[in-house]
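# A structural walkthrough
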Amino acid sequence: MSGALDQTRRFCVLSWDQVQRLDLILGEAVPIHGRGNFPTLSVQPRQIVQVVRARLEERGVSVKDVRLNGSAASHVLHQENGLGYKDLDLIFGVSLKDDQAFRLVKDVVLDCLLDFLPTGVSKERITALTLKEAYVQKLVKVCNDTDRWSLISLSNNTGKNVELKFVDSLRRQFEFSVDSFQICLDSLLLFDRCSETPMSESFHPTVIGESVYGDFQEAMDHLCQRTIATRSPEEIRGGGLLKYCHLRVRGFTPSSEADMKQMQRYMCSRFFIDFPDIGEQQRKLEAYLQNHFAGMEHKRYECLMTLHHVVNESTVCLMSHERRQTLSLISMLALKVLAEQNAIPTVTNVTCYYQPAPYVQDINFSNYYIAHVQAPQITHCSNSYQTWLPCS
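Okay, so let's go over this structure. (Residues numbered from 1 in each chain as written. Predicted model: local features only at pLDDT ≥ 70, side-chain atom pairs only at ≥ 80, totals over all residues. Heavy atoms only, no water.)

### Here we look at the nonpolar core
Generally speaking, a soluble globular protein has its nonpolar side chains buried in company with each other. In this structure, Leu22, Leu68, Phe92, Phe166, Ile183, Leu185 and Leu241 are the most contacted members of the largest nonpolar core, which totals 100 residues. Of all the elements, helix α5 (residues 99-115) adds the most residues to this core, at ten residues. Among all residues touching Ile183, those that are not within four sequence positions of it are Leu14, Leu22, Val66, Arg67, Leu68, Ala73, Val76, Leu77, Val207, Ile208 and Gly209. Membership of the second largest hydrophobic core comes to six residues, among which are Ile91, Val142, Val167 and Leu170. (Core = buried A, V, L, I, M, F, W, Y, C linked by side-chain atoms within 4.5 Å. Buried < 20%, exposed > 50% of the residue type's maximum accessible area, 1.4 Å probe, protein only. Helix = DSSP H or I, 4+ residues; strand = E, 2+ residues; numbered from the N terminus. Contact = heavy atoms within 4.5 Å.)

Put into structure tokens, the structure is as follows:
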């Protein structure tokens with residue numbers, strides 16, 4: 001009985017204001033930018049969902065439900081949450097029992113893009129491969145014992161990508177409680193198709209939200225109060241480390257400083273397990289800064305300094321030289337960010353003043369030097385040392 005009660009606490013019915021925000025997001029035209037000479041597609045999220053779902057079911061793929069996920073769902077539930085939203089994450093619940101099912105899903109999405117090409121564009125010679133090269137930002141396929149899902153991210157030059165995720169099973173669906181919300185779109189989309197009467201406060205579909213964190217109201221309180229909380233960060237790819245620093249910069253604070261200190265150690269450990277090579281770390285950091293701080297470039301330096309502090313304080317699974325290498329990388333990226341903001345005159349030469357030691361008596365000795373700041377050498381880092389130590 002208590003288990004059933006716990007399950008019901010995961011769900012909540014959206015208010016009229018929340019349903020209105022959801023309807024606006026689904027009706028807002030989102031540009032999908034084409035590469036080269038391919039035209040920009042202007043598509044409403046509700047159109048993408050309806051066309052993809054219909055085409056999948058025509059091909060014999062049953063869609064269990066479609067959900068809005070991530071920051072857009074958090075924005076629907078609490079508009080002034082301090083996070084805003086960028087990507088539109090849409091989850092299709094489907095069966096992906098074999099490689100053929102994965103290929104079918106990809107082919108259906110690419111085929112649907114043809115429907116959104118502007119009138120007058122000749123479609124006869126456009127192949128699925130051409131469409132992928134023109135409009136797909138990222139393709140991901142995960143197939144193992146616990147996770148079976150694929151992701152197709154459609155290009156947007158401003159970083160507001162439409163991400164279509166097709167999920168059979170996914171063990172970990174959130175990083176922190178504030179991004180654990182999913183909103184089922186089925187009732188609203190059915191209302192679109194069947195009702196001739198516009199929505200109103202007294203006449204609108206019942207829309208259900210869920211927190212995969214576990215307790216909807218607790219997660220909602222965290223969102224409203226800008227509180228950082230999670231469970232088992234070692235289960236998250238990258239440990240949730242970068243998202244944690246991002247939340248700190250956005251004004252979110254841990255629910256418990258003592259617990260979060262312990263969590264930081266797990267975050268750092270998992271991050272370095274997933275990104276052990278300095279080159280991988282640099283690519284991950286640069287991509288995260290690029291994708292998550294569009295319009296907030298001034299926050300990149302603060303995020304990097306927060307990351308530097310956490311890594312310096314909480315990393316226990318690296319040898320000292322590896323730890324210094326990572327800290328040097330973060331410092332270099334922070335300096336680069338300052339240069340991009342014209343906060344310092346140049347990155348290549350920085351004048352560093354210091355007080356010489358008492359034994360320096362040479363009258364020709366200068367009391368400053370020019371430090372040449374260079375990125376860590378990453379071209380030969382594939383031959384990394386086996387220096388993992390057990391975590392305590």
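### Observations concerning empty space enclosed by the protein
Within the structure shown, the criterion is met by three cavities of 30 Å³ or more. Reported here for the largest cavity is a volume of approximately 50 Å³. Lining the largest cavity are Leu242, Cys245, Leu285, Tyr288, Leu289, Cys303, Leu304 and Leu307. Where the lining of the largest cavity is concerned, the elements lending two or more residues are α9 (241-249), α11 (278-292) and α12 (300-314). By residue class, the composition of the lining of the largest cavity is eight nonpolar, no polar and no charged. (1 Å grid on protein atoms, 1.4 Å probe; cavity = no way out; pocket = protein on both sides within 12 Å on 5 of 7 lines; lining within 4 Å. Points joined across faces, edges and corners; volume = space filled by probe spheres on them. Nonpolar A, V, L, I, M, F, W, Y, C, P; charged D, E, K, R; others polar.)

### Details of the pairing of strand β5 (residues 88-93)
Most of β5 sits inside the fold, with six of its six residues counted as buried. Burial along β5 is two-sided: Leu88, Leu90 and Phe92 facing one way and Asp89, Ile91 and Gly93 facing the other are all buried. Across four bridges, the pairing between strand β4 (residues 66-69) and β5 is antiparallel. Counterpart to Leu68 in the pairing with β5 is Leu90. (Pairing = 2+ DSSP bridges.)

### Here's the deal with the sheet that holds strand β8 (residues 162-169)
Strand order in the open sheet formed by eight strands is β1-β10-β9-β4-β5-β8-β7-β6, and the pairing between neighbours is mixed. Whereas interior strands pair on both sides, the edge strands pair on one side only; in this sheet they are β1 (11-13) and β6 (136-143). Each neighbouring strand pair of the sheet contributes to a mean axis angle of 20°, computed without reference to strand direction. Taken together, the seven bridges between β6 and strand β7 (residues 148-154) define a ladder with antiparallel strand orientation. Paired with Val142 across the strands is Trp149, a residue of β7. (Axes fitted to C-alpha atoms, helices over the stretch in contact; angles between N-to-C directions.)

### Notes on helix α7 (residues 186-194)
Turning to α7, its buried residues are Leu188, Leu189 and Phe191. End-on, the buried residues of α7 take up no more than an arc of 155°, which puts them together on one face. For α7, exposure combined with an orientation more than 90 degrees from the buried face picks out Arg193 and Cys194. Looking at the buried residues of α7, the elements they touch are α2 (16-27) and α3 (45-58). (Arc of directions from axis to C-beta.)

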